[in-house]
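Now for the letters of each chain:
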Amino acid sequence: MFRVMRKNLRLQAFKVFLLVFVGGCCGSDFLASQNALARELLKNYAVGSPPAIDGKPVVVEVQFALGQLSDVSTVQERLEMKGWWRLRWTDVRLRWNESWGVSYLTFGADQIWVPDVVVYEHVLHNEMFQAGVTIYPDGSASISKPQTNSIACPMRLSAFPFDHQRCNFTFGSWSFDGSIVDVVPRRVDPSTFYEPSSEPVPEWAVTDVSIYREFAEWSLAAVRVVWRNNHYFCCNAPYPVLIFEIEIYRATQTHFSGSIGPLIVVIIIGFFSLLMPAPISGARPALSVTILLTTTTVFFVASSTTPQSNESTVVGRLYNAAMVMSFILVILSILTTALNSIKSPDPVNKDRLLDIFRQHDVDGSGSLNTVQAIDALASMRMGQKEQVQVMKFLDKDRDGLISEKEWLPIGDLLSKADARATYHNSMIEWLVRL
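These lines cover the structure that appears in this document, whether it is placed above or below. (Residues numbered from 1 in each chain as written. Predicted model: local features only at pLDDT ≥ 70, side-chain atom pairs only at ≥ 80, totals over all residues. Heavy atoms only, no water.)

With respect to the pairing of strand β8 (residues 164-173)
- Across the ten residues that make up β8, a large majority, seven, are buried.
- In the sheet, strand β4 (residues 117-119) pairs with β8 via three bridges, with the strands oriented antiparallel. Residue pairing in the sheet places Val 117 in a bridge with Ser 173 of β8.
- Across nine bridges, β8 lies against strand β12 (residues 239-250) in antiparallel orientation. Along β12, the bridge assignment pairs His 164 with Tyr 249. (Buried < 20%, exposed > 50% of the residue type's maximum accessible area, 1.4 Å probe, protein only. Helix = DSSP H or I, 4+ residues; strand = E, 2+ residues; numbered from the N terminus. Pairing = 2+ DSSP bridges.)

Quick word on the state of the cysteines
- Tallied over the entire structure, the rule returns one disulfide.
- The disulfide bridge from Cys 153 ends at Cys 167, spanning 1.9 Å between sulfur atoms. Disulfide Cys 153 to Cys 167: torsion about the S-S bond roughly -80°, handedness left-handed. Of this pair, Cys 153 sits in the loop between β7 (140-152) and β8 while Cys 167 sits in strand β8; the two residues are 14 residues apart in sequence, bridging distant segments of the chain. Accessibility assignment for this pair places Cys 153 and Cys 167 in one class, buried. (Disulfide = S-S within 2.5 Å.)

Considerations on the sheet that holds β8
- If you trace the four strands from one edge of the open sheet to the other, you get β4-β8-β12-β11, paired in antiparallel fashion. A single partner strand is all that each edge strand has here, and the edge strands are β4 and β11 (218-230). Looking at each pair of strands side by side, their axes are set apart by 20° on average, direction ignored. (Axes fitted to C-alpha atoms, helices over the stretch in contact; angles between N-to-C directions.)

Below, the structure is given as structure tokens:
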């Protein structure tokens, strides 16, 4: 048994030796062929010269793989995105025969010509690392450049926190016009790329979001691309560019639960406070003031997450409406409490009523006519409406004369008269008289 095990171990060790030896020899030959081919191709190679032939421009196919929206600043009006710019073109100076036994070569970006395509509107540009360029026997070249780009993006915040933002940026060659370098979208399989479901998928799908990672506060709605030629006063030839539009919308759950929801609840509670019973204790004004203070507190908390802007936002408009409504509730609560709590300042006794009666009975007839009775009522601060009502109550026999017996029951009416009960507060009296 042990002899068989030793025999198997020797056999495995011999196989490993053959693989290492043969693979090392072949690997060394392959690397040697690659190095020799690379030296041959780079002889007399002009790095700064685009590979245009017979007056035809070099066609650079562009594909943008969006990885993440790493930052959206509404204050600085800036969008930061991470992704890969994938470029393909053909350099006829780098073709070789397959007899070399080399299927591809990799060059550094500083060894051969690479398109100088950039984002025109970038505020900050950061290339994560220097990517290599892969060359194939037919001269086709490709590179995938990982970059972080910060672009200027004007923000419209009138609909905050239900806002959609659209950020546009231009991608094209910085130095060469369309007669030398033609920038076009890369033809790819459109089924793997992101386009709005309501729009037809184009044949040229230049944006790849299959590796996109969602951003916490913002969600990606759409990525659109327009391919066109820009013309400038300096030059006759056009500059082909790709114009990207990234549409994003804000996640509203946090803002709704943290600011909009509480403001709506406070307003509803304020209106329900008017359904409380007669506010003799003054609890209704106290609750209204509490609602006003709560509204202010909620807005102060919400302002920490509200972007600074000269535009009026949804949260700001809702807060203004809540403050106005809270102020109205406070005023209504104070008025209803004041109107419900008014009382006659002093009771009208029998002796005083008799004195008033006798003072206005100038002819000593023992009765007051209509003019004398109205003057007597006015002396007790009774309004015109109340005077008419009292006169109808007193002159029951409709003879136009009021006797002492008919005059004395006026005491109960005077204690209930609104104008008399409120004469101590001119504002309340004015409101009651309205």
